[in-house]
Amino acid sequence: MNTTAAQCIDNVDVLIIGGGINGTGIARDAAGRGLKVLLCEKQDLAGATSSASSKLIHGGLRYLEQYEFRLVREALAEREVLLHNAPHIVHPMRFVLPHNKNLRPAWMIRLGLFLYDHLAKRSKNLPGSQQIPLANTSAYALPLKDSIKKGFIYSDCNVDDSRLVILNAIDAQTRGAQILPRCECIGLKTQNNTWLATLRHQDGTTRIVQAKILVNAAGPWVDNIQNLAAQHGSNATGKRKLRLVKGSHLVTPRLYEGTHAYILQNKDKRIVFVTPYRNDFSMIGTTDIDFHGDPANVAISAEETDYLLQSVNAYFKQAIRHEDIVSTWSGVRPLYDDAHGNASTTTRDYVFDVSGGTGSSPPLLSVFGGKITTYRKLAEHALEKLAPFTGKPQPWTHAAPLPGADLPNADINLFISQLQKNFPWLPKSTASRYACAYGTLALLFLAEKNSIESLGQHFGHDLYETEVKWLQAHEWANCAEDILWRRTRLGLYFTPEQTLALQKWLKKHTIR
Ligand SMILES: Cc1cc2nc3c(=O)[nH]c(=O)nc-3n(C[C@H](O)[C@H](O)[C@H](O)COP(=O)(O)OP(=O)(O)OC[C@H]3O[C@@H](n4cnc5c(N)ncnc54)[C@H](O)[C@@H]3O)c2cc1C
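Keep in mind that this is a model prediction, so the values were computed, not measured.

Confidence in the prediction for the protein chain averages 94 pLDDT; 97% of positions are at 70 or higher. Contacts of residues 1–6 to residues separated by more than four positions or lying in other chains number ten contacts, the stretch itself having pLDDT below 50.

Mapped onto the elements of the fold, Asp117 is located in helix 3 (residues 106–118). Among the residues examined, Asp117 registers a relative accessible area of 10% and is labelled buried. The contacts of Asp117, once residues within four sequence positions are left out, are Arg122, Gly128 and Ser129.

Take the site of the ligand next. Every one of the 38 residues lining the ligand counts as a neighbour, but Glu41, Ser50, Leu56, Gly370 and Thr373 are closest to it. One of the side-chain N or O atoms of Gln43 is found 3.0 Å from an oxygen atom in the ligand. In this structure, an oxygen atom belonging to the ligand sits 2.9 Å away from a main-chain N or O atom of Ile372. When contributions to the shell around the ligand are tallied by element, the ones reaching two or more residues are helix 1 (21–32), strand 8 (183–191), strand 11 (242–253) and strand 16 (327–336). Of the residues that make up the shell around the ligand, three or more belong to each of domain 1 (9–49 + 163–241 + 348–399) and domain 2 (70–158 + 243–336).

A word on the domain arrangement of the protein chain. Segmenting the protein chain into domains produces domain 1 (9–49 + 163–241 + 348–399), domain 2 (70–158 + 243–336) and domain 3 (408–508). Computed over C-alpha atoms, the centres of domain 1 and domain 3 are 31 Å apart. Listed per partner, the contact involves 14 residues of domain 1 and eleven residues of domain 3. Both faces considered, domain 1 and domain 3 share a buried interface measuring about 1100 Å² in area, 51% of it formed by carbon and sulfur atoms. It is Asp44, Arg163 and Arg182 in domain 1 that bury the most area against domain 3; as a group they hold 51% of the surface buried on that side. Applying the counting criterion to the domain 1 and domain 3 interface returns four salt bridges. With its nearest N and O atoms 2.7 Å apart, the salt bridge here joins Glu475 to Arg163.

Let us look at the environment of Leu39. Tracing the sequence through the fold places Leu39 in strand 2 (residues 37–40). Note on Leu39: relative accessible area 0%, which makes it buried. Considering only alpha carbons, one finds Leu39 and Arg79, 40 residues apart in sequence, at a separation of 26 Å.

It is worth spelling out the UniProt feature "domain: Alpha-glycerophosphate oxidase C-terminal" (unreviewed entry) in the protein chain at this point. According to UniProt, the "domain: Alpha-glycerophosphate oxidase C-terminal" (unreviewed entry) feature falls on residues 397–493. Within residues 397–493, the helical portion is 46% and the strand portion 5%, while the C-alpha atoms at the span's ends are 36 Å from each other.

Closest axis-to-axis distance for the helix 12 (residues 480–487)/helix 13 (residues 496–508) pair is 9 Å, and the angle between their directions is 125°. Classified by the angle their axes make, helix 12 and helix 13 are oblique. In this structure, helix 12 uses Ala480, Ile483 and Leu484 to contact helix 13, whose residues at the interface are Thr499, Leu502, Gln503 and Leu506. Of the residues that constitute the contact of helix 12 with helix 13, the class distribution is five nonpolar, two polar and no charged.

Okay, the packing of aromatic side chains next. The full count for this structure, using the stated rule, is 16 aromatic pairs. Ring geometry for Tyr277 versus Trp329: centroids 5.6 Å apart, planes at 50°, classification tilted. Separated by 52 residues along the polypeptide, Tyr277 in strand 13 (residues 271–277) and Trp329 in strand 16 bring together distant segments of the chain. Overall, the relative accessible area of 10% leaves Tyr277 in the buried class. Its relative accessible area of 14% is what places Trp329 among the buried residues. Taking the centre distance of 5.7 Å and the plane angle of 80° together, the rings of Phe459 and Trp505 count as edge-to-face.

Cut-offs used in this document
- Residues numbered from 1 in each chain as written.
- Predicted model: local features only at pLDDT ≥ 70, side-chain atom pairs only at ≥ 80, totals over all residues.
- Heavy atoms only, no water.
- pLDDT = per-residue confidence, 0-100.
- Contact = heavy atoms within 4.5 Å.
- Helix = DSSP H or I, 4+ residues; strand = E, 2+ residues; numbered from the N terminus.
- Buried < 20%, exposed > 50% of the residue type's maximum accessible area, 1.4 Å probe, protein only.
- Near = heavy atom within 4 Å.
- Polar contact = N/O pair within 3.5 Å; in protein donor to acceptor, adjacent residues only side chain to side chain.
- Domains from an automatic or database assignment.
- Buried area = accessible area lost by both parts, 1.4 Å probe.
- Salt bridge = Lys/Arg side-chain N within 4 Å of Asp/Glu carboxyl O.
- UniProt positions renumbered as here; feature names shortened; annotations may be inferred.
- Axes fitted to C-alpha atoms, helices over the stretch in contact; angles between N-to-C directions.
- Parallel < 35°, antiparallel > 145°, perpendicular 65-115°, else oblique.
- Nonpolar A, V, L, I, M, F, W, Y, C, P; charged D, E, K, R; others polar.
- Phe/Tyr/Trp six-rings, centres within 6.5 Å; stacked < 30°, edge-to-face > 60°.

Okay, here's the thing in structure tokens:
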């Protein structure tokens, strides 16, 4: 790597590689502590694992079986924090667990749920667990086979995972961080106890960043960054081992009425979730398959599809078939390899690999594992680890709402009603989508709008020019895929023709 005099050098305290939930969470925390931060992401923000999750903010009931009490306690506590700090995109959900005495005895489930209810403080929005009859006509029982006579119900939350990433990136930027999507780290070396990184933008131009600290939050590519650092003089140790585990989901037309989810036990001891998704769909997942390919090319296999269909068909009256699948997605979990034989029981807890920080070697912190749910705490712990090099150890994110979270009485339904009252021409479904995606940020792009026509060109399914412009200007959206699959999830509804029309518009109205 040659640094020529012509190349401009950015000087920062912390360079973060990776714009998933962990990278953006750390960027936000670090920027809020007064550090000069630059984050680079080689594709779109949340372009990899952080938009391919099961979209749950949960303690992880099944981790209790693996005695992961630390993780479950922290995740349950974070569930509360996120409900409070992001009530627009994190919503309580009831989970129905049909009982199958051949898989787990009732006493074991009761004990697990008791612990789940009591390991951390639980707000009134998350009612406790209970055993329920399912041999009746309740909404919980209706879709299930008649042979299922009883079950359990408990609370967790769902989230729009890619929007959580964007909100962290927005807040990081507001606090001074530079956020650079479509900008890949292609070279790393050390010089005078600092990092010199070469970043390449999508258009091929490069820039050099000099950083006191490097944070490797590259998710499934964490080893690549460690190798890049090790090749060029750092003592990046690479002590931690990575285990890549693929997980896939199916989307079908909505399988049942109601806002609750199902957690289905399988014969292999794994569980599969069925959750309502975007009003009209159900989401089914996930799987745990060791993955050895290129994480950029991950896709669902025929075996995973059959496995997920069979899981649902073992419990639901109305069998679902391959023809019912309207969409799928797969992601790769960048897990810390705790040498567990089974991909499903490999820990979901996070671990840091910290090297350098002594002699002439600058500090490098690499992130292994983690959950969407625990990202904020992970960021706090990362900054704690880096405190000897930053001197700014004060945590602050615990009670800091994310952008758009200042809803009246922290009540999303009240906010939807207010939006409808203030903008009576806005269809209820649109008001509701804006509220659940942007919270009070929606008021910024709706300001001075007075009719549906004033929102500009309509691309279909309540996506208007005003929103698209907002996404371009404030949320780094660059192409139709960013908008349809990570910012709004309207891709599930858009026809190829509608997508093409949006692409054409974006081509004409590119923001540089
Ligand atoms: C199927 C599945 C279901 C899950 N369900 C849940 C759930 O319900 N709840 C939950 O809490 N967690 C869940 N998780 C876990 C959670 O999704 C992950 O732990 C989390 O998204 C990992 O985030 P990350 O930031 O570490 O990685 P990523 O989101 O993958 O981000 C890493 C980023 O680094 C970028 N990058 C890599 N190399 C470079 C480079 N050289 N230069 C610039 N950028 C680079 C990549 O493009 C990528 O965007 C699930 C995971 C999977 C796979």
